[in-house]
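A look at the structure
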Amino acid sequence: MLIETATAVRSTPPSPAPARGSAPAGDFQAALAAAEQTASTPPIPSHWNDTALATLISGGRGGISTEKAVNWYSKGDKELTAEDIARLKEQYDVTDLSPQGYYDLVADLTQLEVLSGADCMGVHLATAPPPGRYFVPVGYSSFSGNGHGFRTGNMIQRFTDAVDVLMEHLAWADSAEYRSLSRTDPGSAQKLQATIQKDLTPRQRMLELLTQLQR
């Protein structure tokens, strides 16, 4: 297999101040930077706020109302009840969600504490590996996210695709071929696997919840 190498670099620009209301397009880069900066930490409302999430969902185009509040303190340690599932199925079609519908559903899931505040933002982020040299199959991004921007619509399919890609990356990082390529840095594979798992875990949880809500 042909391979290419990539050196991971991570920047941490300033975070946006908390805000409410529709997300302005100009805040997109600041919101993205703030989300990336805190991707591996517990929820911090001053950085992870409703407007930051709305800008990520809209791709900076705005137009998403944040009237429904996200519970950023949710630990995501509860499960949907039969009543929750029935109500949410009636309210949302998870195979055809608008950006607003997706935002509102995510807010509801955090209020029910079945989705954590960290996972709420984590499903929109791609975590950069620790600084170092990593081997990536040709044609793959050096990061584990899909790199195509976030889209709504059929969210079952969106998250299935994202999980599949991340599983492929995880298998590659655990392969004998990767270990042979990185033999001068024995810890490289473990570091890369840990990075990929950070992106995989919240997407798997989101897919699990969405699957329960499929009509």
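Up top is the structure.
What you see is a predicted model, and the numbers here were worked out from it, not measured in a lab. (Residues numbered from 1 in each chain as written. Predicted model: local features only at pLDDT ≥ 70, side-chain atom pairs only at ≥ 80, totals over all residues. Heavy atoms only, no water.)

Some points on the packing of aromatic side chains
What describes a pair of aromatic rings is the distance from one ring centre to the other and the angle between the planes of the rings. The following threshold applies: A pair of Phe, Tyr and Trp rings is counted when the ring centres sit within 6.5 Å of each other, with Trp represented by its six-membered ring. The angle between the planes then sorts it: under 30 degrees is stacked, over 60 is edge-to-face, the rest tilted. By definition, any uninterrupted DSSP run of H or I lasting at least four residues is a helix, any uninterrupted run of E lasting at least two residues is a strand, and each is numbered from the N terminus. Throughout, exposure labels follow a simple rule: accessible area from a 1.4 Å probe, protein chains only, divided by the maximum for the residue type, with under 20% read as buried, over 50% as exposed, and the rest as partly exposed.
The tally for this structure, following the rule as stated, stands at one aromatic pair. Aromatic side chains Trp 48 and Trp 72 sit 6.4 Å apart centroid to centroid with 55° between the ring planes, which places their arrangement in the tilted category. Here Trp 48 is found in the loop between helix 1 (28-37) and helix 2 (50-58), whereas its partner Trp 72 is found in the loop between helix 2 and helix 3 (82-91), with 24 residues between them in sequence. Here the two residues Trp 48 and Trp 72 agree in accessibility, since each one is buried.

Observations regarding the pattern of salt bridges
Basically, it comes down to this: Each salt bridge in this description consists of a side-chain nitrogen of Lys or Arg and a carboxyl oxygen of Asp or Glu lying within 4 Å of one another.
Under the counting rule described, the total for this entry stands at four salt bridges. The salt bridge partner of Glu 208 is Arg 205, with a shortest N-O separation of 3.1 Å. With Glu 208 and Arg 205 both in helix 8 (residues 188-212) and three residues apart, this pair spans about one turn of that helix. For Glu 208, a relative accessible area of 38% corresponds to the partly exposed category.

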